[in-house]
Amino acid sequence: MDSIKLQKYFSDCGVMSRRAAEEEIKKGRVRVNGNVATLGDRIDPERDVVEYDGKRLERKSSQRHYVLLNKPRGYVTTLSDEKGRPTVAQLVKDLPARVYPVGRLDMDSDGLLLLTDDGELANRLTHPRHEIPKIYHVTVTSAVTQAKLEALGKPMIIDGYEILPVKVRPLSCSDSEALLEFTLYEGRNRQIRKMCELQDLKISRLSRVAIGDITLGSLECGEWRFLDADEISYLKNSKEN
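This is a predicted model, so every value here is computed, not measured. (Residues numbered from 1 in each chain as written. Predicted model: local features only at pLDDT ≥ 70, side-chain atom pairs only at ≥ 80, totals over all residues. Heavy atoms only, no water.)

Chemist: What is the right way to look at the overall build of the protein chain in this model?
Modeler: The number of helices and strands found in the protein chain is six helices and 17 strands. Radius of gyration (C-alpha) of the protein chain: 20 Å, near the 18 Å computed for a compact globule of 241 residues. Summarising its shape, the C-alpha atoms of the protein chain cover approximately 65 × 40 × 40 Å along the three principal directions. The burial tally for the protein chain puts 45% of its 241 residues in the buried class. Of the accessible surface of the protein chain, which amounts to about 12,900 Å², a share of 45% is contributed by carbon and sulfur atoms. (Helix = DSSP H or I, 4+ residues; strand = E, 2+ residues; numbered from the N terminus. Rg over C-alpha atoms; globule rule 2.2 N^0.38 Å. Buried < 20%, exposed > 50% of the residue type's maximum accessible area, 1.4 Å probe, protein only. Areas by Shrake-Rupley, 256 points an atom, 1.4 Å probe, with all protein chains shown as cover.)

Chemist: Could you clarify how one ought to interpret helix α5 (residues 191-198) in this entry?
Modeler: Residues three or four positions apart in an α-helix share a direction because the helix packs 3.6 residues into each turn. Counting buried positions along α5 yields six of eight residues, so the element is predominantly enclosed. Of all the residues in α5, the buried ones are Gln191, Ile192, Arg193, Lys194, Met195 and Cys196. Of the surrounding secondary structure, the elements contacted by the buried residues of α5 are β10 (134-140), α4 (146-152), β11 (157-158), β14 (178-184) and β15 (203-211). With its phi angle positive at about 55 degrees, aspartate 200 sits one or two positions after the end of α5. (Contact = heavy atoms within 4.5 Å.)

Chemist: Quick question: what am I supposed to make of the pattern of salt bridges here?
Modeler: A side chain of one charge can pair with a side chain of the opposite charge when the charged atoms of the two come close. This model, assessed by the stated rule, comprises twelve salt bridges. Of the charged contacts in the structure, one is a salt bridge between glutamate 24 and lysine 27, with a shortest N-O distance of 3.4 Å. We classify lysine 27 as exposed; its relative accessible area is 56%. Close ionic contact of aspartate 159 with lysine 194 constitutes a salt bridge, the shortest N to O distance being 2.5 Å. Of the two residues, aspartate 159 is situated in the loop between β11 and β12 (161-162) and lysine 194 in helix α5; the sequence distance between them amounts to 35 residues. On the accessibility criterion, aspartate 159 (63% relative accessible area) is exposed. (Salt bridge = Lys/Arg side-chain N within 4 Å of Asp/Glu carboxyl O.)

Chemist: Help me understand the packing of aromatic side chains in this model?
Modeler: This structure, assessed with the given rule, holds two aromatic pairs. Aromatic side chains phenylalanine 10 and tyrosine 52 sit 5.7 Å apart centroid to centroid with 75 degrees between the ring planes, which places their arrangement in the edge-to-face category. Of this pair, phenylalanine 10 sits in helix α1 (residues 6-12) while tyrosine 52 is found in strand β5 (residues 50-52), placing the two residues 42 residues apart along the sequence. A relative accessible area of 0% means that phenylalanine 10 is categorised as buried. An angle of 85 degrees between the planes, with centres 5.0 Å apart, marks the rings of tryptophan 224 and phenylalanine 226 as edge-to-face. (Phe/Tyr/Trp six-rings, centres within 6.5 Å; stacked < 30°, edge-to-face > 60°.)

Chemist: Which parts of the structure should I look at to understand the pairing of strand β9 (residues 110-116)?
Modeler: Regular strands show a simple pattern: their side chains alternate between the two faces of the sheet. Of all seven residues in β9, seven are buried; the element is thus mostly enclosed. Sheet topology note: the β9/β15 ladder contains two bridges and is parallel. Counted as the bridge partner of aspartate 110 is serine 207 from β15. (Pairing = 2+ DSSP bridges.)

Chemist: So what exactly am I meant to see when it comes to the environment of tyrosine 100 here?
Modeler: Within the secondary structure layout, tyrosine 100 lies in strand β8 (residues 100-101). By relative accessible area, tyrosine 100 is classed as buried at 12%. Placed twelve residues apart in sequence, tyrosine 100 and valine 88 show a C-alpha to C-alpha distance of 9.2 Å. When near neighbours in sequence (up to four residues on either side) are disregarded, tyrosine 100 contacts Gly14, Val15, Met16, Leu79, Leu114, Leu115 and Thr116. In terms of polar contacts, tyrosine 100 uses its side chain to reach the side chain of arginine 98, at 3.4 Å. (Polar contact = N/O pair within 3.5 Å; in protein donor to acceptor, adjacent residues only side chain to side chain.)

Chemist: Help me out: how do you make sense of the sheet that holds β5 in this one?
Modeler: Hydrogen bonds along the backbone pair up the strands of a sheet, which may run parallel or antiparallel. An order of β3-β2-β5-β6 is seen for the four strands of this open sheet, with the pairing classed as antiparallel. Two strands bound the open sheet, and with one partner strand each, they are β3 (35-36) and β6 (55-56). Relative to β3, strand β2 (residues 30-32) runs antiparallel, the two sharing two bridges. Within β3, the residue paired with valine 32 across the bridge is asparagine 35.

Given below as structure tokens:
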């Protein structure tokens, strides 16, 4: 059989996306035939033995699982945490398969989080410029002036990178608090929090309420459900910009 990239094998096994696998390879957590792997290694899936944290990886059956979780605040978006903090894996432990988060919601944020064992789809959905928007409701503990609202919607430099313009609209405002809706087509690390910091706006709550046409609906905080066929098709037929 022809060789494939090591990170693709992770995706084929439904373990994680290629990009996530690259990071794990760099950390030295992957071995091929007993030897620590390096980025760029290729393998023969029929002959080589791949281990991640000491556990052998094997390709799964064609069945894949697609899950929507309403993540509570206080949970980290990982399967395990070296600091012993609660993880999203604990919220889906009754699933019949091991699924992995698609992207991240930081510990202090809540709302819609997708999890799957379909590595290829996860890889596409986490592309920095995917066409499906992510929609957030953000509560800030101060009034938002028109000037700040306009500034939030313009290109900004964050961590040396010029982000794409973000659609921001007020949902409610008072002298002491405002609820804003952010629509993003790319997701940089803690992007909304950093955007608000630049405008001296303090966030008291940040919730992801939708990914494109997929919403939380009546799903309670901490609960999960499987995506239906239409939702899976919607994600699979989306494209990168």
